[in-house]
Amino acid sequence: MDRTVAERLISAVLALDVQLGDVDRVVSEIADEHERAAYVDALGNVFRLLNEGFIRPIARNYPDLEPED
């Protein structure tokens, strides 16, 4: 993948943080502990997939594009 596409893809993935933060806040309002835990796990899987499927592969080719924590 060329650098321009990598930059755009990283930017798009990072932009999801805002929406996923919204999802996290709503999930935290679920009263039932077991139901909430299932959604927390699902959201964790989304974050893992974004990191392992997008961020890390791009950062291997373009280390300077890896987001800072």
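Relevant structure appears above.
So, how was this worked out
- For every chain, the first residue of the written sequence is number 1, and numbering continues from 1 along that sequence.
- Local features in this predicted model are restricted to residues of pLDDT 70 or higher, and side-chain atom pairs are both shown and tallied only at a pLDDT of 80 or more, whereas totals for entire chains, interfaces and linings draw on every residue.
- Calculated side-chain values reflect all of the structure's heavy atoms, with hydrogen atoms and water omitted.
- Helical segments are the DSSP runs of H or I of at least four residues, strand segments are the runs of E of at least two, and each set is numbered from the N terminus.
- Note that the radius of gyration is over C-alpha atoms, with the globule rule given as 2.2 Å times the number of residues to the power 0.38.
- Only protein chains enter the area calculation, which uses a 1.4 Å probe; residues under 20% of their type maximum are buried, those over 50% are exposed, and those in between are partly exposed.
- The criterion used for residue contact is that any of the two residues' heavy atoms lie within 4.5 Å.
- Calculation of accessible area relied on Shrake-Rupley with a 1.4 Å probe; when residues are assessed, cover is drawn exclusively from the protein chains displayed.
- In this tally, Lys and Arg are treated as positive and Asp and Glu as negative; His is ignored, and so are the chain termini.
- By convention, charge coordinates are those of NZ in Lys, CZ in Arg, CG in Asp, or CD in Glu.
- Basic side-chain nitrogens of Lys or Arg form a salt bridge, by our definition, when they fall within 4 Å of a carboxyl oxygen of Asp or Glu.
- In this scheme, a helix's expected span is set at 1.5 Å multiplied by one less than its residue total.
- We define the bend at any residue as the angle between the axes fitted to the seven residues before and including it, ending there, and the seven starting there.
- Distance and chemistry together define a polar contact, namely a pair of N or O atoms within 3.5 Å, with one atom able to donate a hydrogen and the other to accept it when in protein, and with adjacent residues in sequence counting only for side-chain atoms on both sides.

1. Considerations on the overall build of the protein chain
Here is step 1: A count of helices and strands for the protein chain gives two helices and zero strands.
Here is step 2: Scaling as 2.2 N^0.38, a compact globule of 69 residues should have a C-alpha radius of gyration of about 11 Å, whereas the protein chain reaches 15 Å, well beyond that.
Here is step 3: Across its three principal axes, the protein chain shows a C-alpha extent of roughly 45 × 20 × 15 Å.
Here is step 4: Looking at the 69 residues of the protein chain, the share that counts as buried comes to 20%.
Here is step 5: Long-range contacts, defined here as pairs at least 24 residues apart, represent 62% of the contacts in the protein chain between residues at least 6 apart.
Here is step 6: Working note: accessible area of the protein chain is about 5200 Å², and carbon and sulfur atoms make up 53% of it.
Here is step 7: For the protein chain, the distance from the average position of its 7 positive side-chain charges to the average position of its 15 negative side-chain charges is 6 Å.

2. Quick word on the pattern of salt bridges
Here is step 1: In this structure the tally under the stated criterion is four salt bridges.
Here is step 2: Between Arg3 and Asp64 there is a salt bridge, with the nearest N and O atoms lying 2.4 Å from each other. One end of the pair, Arg3, is in helix H1 (residues 3-27); the other, Asp64, is in the segment after helix H2 (33-61), with 61 residues separating them in the sequence.
Here is step 3: You can call Arg3 partly exposed: its relative accessible area is 31%.
Here is step 4: On the accessibility criterion, Asp64 (53% relative accessible area) is exposed.
Here is step 5: Three or more residues are tied together by salt bridges with common partners; here these are Arg3, Glu7 and Asp64.

3. Considerations on H1
Here is step 1: If you check H1, its first and last C-alpha atoms are 36 Å apart, about what 25 residues at 1.5 Å a residue would give, namely 36 Å.
Here is step 2: Residue Val18 marks the point of greatest curvature in H1, where the axis turns by about 30 degrees.
Here is step 3: Within H1 the residues assigned to the buried category are Ala6, Ile10, Val13, Leu20, Gly21 and Val27.
Here is step 4: If you follow the buried residues of H1, they end up packed against H2.
Here is step 5: At the N-terminal boundary of H1, the capping side chain belongs to Asp2, with an oxygen 3.1 Å from the backbone nitrogen of Thr4.

4. Digging into the environment of Leu9
Here is step 1: Structurally, the position occupied by Leu9 is in helix H1.
Here is step 2: Residue classification places Leu9 among the partly exposed positions, given a relative accessible area of 26%.
Here is step 3: Between the C-alpha atom of Leu9 and that of Ile55, which follows or precedes it by 46 residues, the distance is 8.7 Å.
Here is step 4: Apart from residues lying up to four places away in sequence, Leu9 is in contact with Met1, Phe54 and Ile58.

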